[in-house]
Amino acid sequence: MCDPADEETTLLQEDGKHTKQRETTSSIFQGRIVTGFVGFLLGMLIMKLNIVIEKGTTSNVAVPVQKYKRFQALNFQVYTGGAPVFIEDENGVNVTNPECTELNFYGSTTENVLSCYAGDENTTKDVENRLAIMFEAVERAFEFSAKDEDVLKVFVAPEFFFRGRNGAYLIASREAIDKEVFDDNDGECEEEICQILQGLENFVAQKRFANWLFLFGTVVVAEVLPVDDTWDYLFYNFGLIYKGYDPSEMTHIGKRFIVPKRYVSNIDFLTPSRDFKENEAREIFEITGATRLSPGAILNPRTLDHKYYDRRLWNKYKDEVAKLDYTMIEYGWFLMDGHTFTVEICLDHKMQTALTAYLVNAGRAESTPIPSSHDGKVDYIEIPTHQAQLSIVSSAGMSIKPKSLALANEGWIILQDGLWAEDSTMQWEFDCDKFDWEFDGGSEVAQRNSTMTPTEVLFTYQLHRDYKKFNLKDDDWKSFLLGTFATTEYEPKLIVYEPKKIVGA
């Protein structure tokens, strides 16, 4: 466990909370598993993706003046994992969970825990339900949020919020049909991705959200490949970030972002027990051990067998995505209104994607450009040497990992998980021949401080404990979830934190 390599790949070794997913369902493209190099290759693609932006050399672009003095974390805590197939009734007898009745697929997210995906059979209706739940969460967050204009409201939802009852929304291959996937066709969405994007785009275009930054969890999509292909699906798992704005004063340019997930784990998807393997975290490289199951359900891409990484992934859709003015965040770094952020999707955080990008960039003769959104445009600048002022993590089975942080002194990290709902804790524990801090909790907001003296060089941490929890609905919350999310784990909540100063602002 203390071997460095093991630390990078351990997924499910500990009991309880630490069985958390070190995951990454990033993408599998063309039936070929696309898990970790997505960040790298997508990184190369970003140069082409943002066609709407004229990118100059980083040395000629100045960092914009910072707009905000403080930030407020607004976390949406909702269970996005599989629903348990068997539950106890009022007499303590195991019975079949009605949420799993007549569904396509049973499998495990952890060994010996049989689960199913929840959701509406009609995928259009399923997306509508999920959007309605998300919008209700934002409305509740808005009700209790600070209204000061110098406070950036940061709303974070967990990973896998948009995935459907098969584990992913299926889209027909672009090679088989002539229609767009991300965009509409003559004003009508024909795919769930388009429906999700349009719903979120329209929602954030409100004056009251002008000082809001949203990470709406992630979207999981599987493209059905042509029948003559060796493999069945091409997978995508990506986060969606939006900056709210007043449409009467500005456009959406520079306010839409896609965050591809780089790493895939064995608990991103439900897995047949016979195929469940511990200690596996994979980036995009050779995979072995394929299995096929019943039609209609998405297999765990972590178990597929493929020899190489398909480079056509986002390149296949770059024109379509760029036309919608989305900017891809490739290395986990971006600037918004002069403030420096990192963003990671679950296992990407444990695998230190943002920190590694920072360190690699520091050792290169040529800087790595990252997007900087401000004043209705996107420039590209160097990764700031001071590291991030704010870090955001959307996850489903992850907690804050001190060794993965790329934070400036007195910087903050906001993490929202989709599997756990415990109050956040921080404990000094002995592990791998030394003591270190261990974090737990469904919603975690913490600050890192650095100390450097002739006798002491260290990081210290403190949890943000000044928060209140609010119900998503004051009445029948189970009915409101509309069969879209499992209701057997915990009640969804809004965690509203008191505003805190942004370091350097």
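Computed from a predicted structure; not experimentally measured. (Residues numbered from 1 in each chain as written. Predicted model: local features only at pLDDT ≥ 70, side-chain atom pairs only at ≥ 80, totals over all residues. Heavy atoms only, no water.)

Focus: the overall build of the protein
Logical step 1: Helix and strand content of the protein: eight helices and 29 strands.
Logical step 2: Counting all 505 residues of the protein, 60% fall into the buried class.
Logical step 3: Relative to all contacts within the protein whose residues are 6 or more apart in sequence, the contacts with residues 24 or more apart total 73%.
Logical step 4: Total accessible area on the protein stands at roughly 19900 Å², and carbon and sulfur atoms take up 49% of it. (Helix = DSSP H or I, 4+ residues; strand = E, 2+ residues; numbered from the N terminus. Buried < 20%, exposed > 50% of the residue type's maximum accessible area, 1.4 Å probe, protein only. Contact = heavy atoms within 4.5 Å. Areas by Shrake-Rupley, 256 points an atom, 1.4 Å probe, with all protein chains shown as cover.)

Structural notes on the pairing of strand S20 (residues 377-382)
As a general feature of sheets, a regular strand has side chains that alternate between the two faces.
Logical step 1: By the bridge criterion, six bridges tie strand S19 (residues 369-374) to S20 in an arrangement that is antiparallel. Within the sheet, the bridge partner assigned to Ile 370 lies in S20 and is Ile 381.
Logical step 2: Turn length for the S19-S20 hairpin, with the two strands adjacent in sequence and antiparallel, is two residues, and the turn residue Asp 375 shows positive phi of about 50 degrees. (Pairing = 2+ DSSP bridges.)

Looking at the side chain of His 339
Logical step 1: Relative to the assigned elements, His 339 resides in strand S18 (residues 339-345).
Logical step 2: On the accessibility criterion, His 339 (1% relative accessible area) is buried.
Logical step 3: Within polar-contact distance, the side chain of His 339 engages the backbone nitrogen of Lys 67 at 3.3 Å.
Logical step 4: Looking at His 339, its side chain comes within polar contact range of the main-chain nitrogen of Tyr 68, at 2.9 Å. (Polar contact = N/O pair within 3.5 Å; in protein donor to acceptor, adjacent residues only side chain to side chain.)

Quick notes on the sheet that holds strand S25 (residues 443-453)
Strand-to-strand pairing in sheets goes through backbone hydrogen bonds, with the strands running parallel or antiparallel.
Logical step 1: Taken together, eight strands build an open sheet; the order of strands is S20-S19-S17-S18-S21-S22-S25-S26 and the sheet is mixed. Strands with a single pairing partner mark the edges of an open sheet, and in this sheet they are S20 and strand S26 (456-463). In this sheet, neighbouring strand axes are inclined to one another by 25 degrees on average, regardless of whether the strands run parallel or antiparallel. (Axes fitted to C-alpha atoms, helices over the stretch in contact; angles between N-to-C directions.)

Quick word on the state of the cysteines
Logical step 1: This structure, assessed with the given rule, holds two disulfides.
Logical step 2: In this model Cys 100 forms its disulfide with Cys 116; the gap between the sulfur atoms is 2.0 Å. Taking the sign of the S-S torsion, -80 degrees for the link of Cys 100 and Cys 116, the bridge is left-handed. Of this pair, Cys 100 sits in the loop between strand S6 (94-96) and strand S7 (106-108) while Cys 116 sits in strand S8 (residues 114-116), placing them 16 residues apart in sequence.
Logical step 3: A residue is classified by how much of its surface remains accessible, and Cys 116, at 0% relative accessible area, is buried.
Logical step 4: The side chain of Cys 189 participates in a disulfide bridge whose partner is Cys 194; the two sulfur atoms lie 2.0 Å from each other. The chirality of the disulfide connecting Cys 189 with Cys 194 is left-handed, given an S-S dihedral of about -60 degrees. (Disulfide = S-S within 2.5 Å.)

So, the packing of aromatic side chains
Logical step 1: Inspection of every chain in the model, using the stated rule, returns 27 aromatic pairs.
Logical step 2: Residues Phe 155 and Phe 216 carry aromatic rings whose centres are separated by 6.1 Å and whose planes lie at 55 degrees to one another, so their mutual orientation is tilted. Note that Phe 155 is positioned in strand S9 (residues 151-157) and Phe 216 in strand S11 (residues 212-224), a separation of 61 residues in sequence. Summarising the burial analysis for this pair, Phe 155 and Phe 216 share the class buried.
Logical step 3: A cation over an aromatic ring shows up here: Arg 448 above the ring of Phe 459, its NZ or CZ 3.8 Å from the ring centre.
Logical step 4: One residue, Lys 473, lies across the ring of Phe 480, its end atom 4.8 Å from the ring centre. (Phe/Tyr/Trp six-rings, centres within 6.5 Å; stacked < 30°, edge-to-face > 60°. Lys NZ or Arg CZ within 6 Å of the ring centre and 35° of its normal.)

A few points about helix H3 (residues 123-144)
Logical step 1: Compared with the 32 Å implied by 1.5 Å per residue over 22 residues, the 32 Å span of H3 between its first and last C-alpha is a close match.
Logical step 2: Where H3 starts, the residue carrying a side-chain oxygen 3.0 Å from the main-chain nitrogen of Thr 124 turns out to be Asn 122. (Expected span 1.5 Å × (residues − 1).)

Concerning the side chain of Thr 353
Logical step 1: Tracing the backbone shows Thr 353 in helix H7 (residues 353-362).
Logical step 2: Among all residues touching Thr 353, those that are not within four sequence positions of it are Arg 262, Tyr 263, Tyr 331, Glu 344 and Asp 348.

Let's talk about the pattern of salt bridges
Logical step 1: Per the counting criterion, the structure on display carries 10 salt bridges.
Logical step 2: For Asp 423, the salt bridge goes to Lys 469, with nearest N and O atoms at 2.7 Å. A residue pair is termed long-range when its members are at least 10 positions apart, and Asp 423 in the loop between strand S22 (407-417) and strand S23 (425-431) and Lys 469 in strand S27 (residues 467-471) qualify at 46 residues.
Logical step 3: Note on Asp 423: relative accessible area 44%, which makes it partly exposed. (Salt bridge = Lys/Arg side-chain N within 4 Å of Asp/Glu carboxyl O.)

Observations concerning a nonpolar patch on the surface
Logical step 1: On the surface, Trp 428, Phe 430 and Phe 435 cluster together into a nonpolar patch covering about 370 Å² of accessible area.
Logical step 2: With respect to the helices, strands and loops of the structure, Trp 428 is situated in strand S23.
Logical step 3: Under the relative-accessibility criterion, Trp 428 is labelled partly exposed at 48%. (Patch = residues over 30% accessible without salt bridge, like charges linked within 9 Å, V, L, I, M, F, W, Y side chains within 5 Å.)

What about empty space enclosed by the protein?
Logical step 1: All told, the structure shown has five cavities of 30 Å³ or more when counted by the stated rule.
Logical step 2: As a volume, the second largest cavity reaches approximately 80 Å³.
Logical step 3: Taken together, 13 residues form the lining of the second largest cavity, with Thr 80, Gly 81, Ala 118, Arg 163 and Thr 484 sitting closest to its centre. (1 Å grid on protein atoms, 1.4 Å probe; cavity = no way out; pocket = protein on both sides within 12 Å on 5 of 7 lines; lining within 4 Å. Points joined across faces, edges and corners; volume = space filled by probe spheres on them.)

Description of the nonpolar core
For soluble globular proteins, nonpolar side chains are generally found buried alongside one another.
Logical step 1: One finds Leu 213, Ile 241, Trp 333, Phe 334 and Phe 341 to be the most contacted residues of the largest nonpolar core, which totals 53 residues.
Logical step 2: Counting residues per element, this core draws most heavily on S22, at five residues.
Logical step 3: Setting aside chain neighbours within four positions, we find Ile 241 in contact with Leu 213, Phe 214, Leu 215, Lys 255, Arg 256, Phe 257, Val 259, Ile 329, Phe 334 and Val 343. (Core = buried A, V, L, I, M, F, W, Y, C linked by side-chain atoms within 4.5 Å.)

Quick notes on the pairing of strand S13 (residues 256-260)
Logical step 1: Counting buried positions along S13 yields five of five residues, so the element is predominantly enclosed.
Logical step 2: With burial as the criterion, each face of S13 is covered, one bearing Arg 256, Ile 258 and Pro 260 and the other bearing Phe 257 and Val 259.
Logical step 3: By the bridge criterion, two bridges tie S13 to strand S16 (residues 327-328) in an arrangement that is parallel. Residue pairing in the sheet places Phe 257 in a bridge with Thr 327 of S16.

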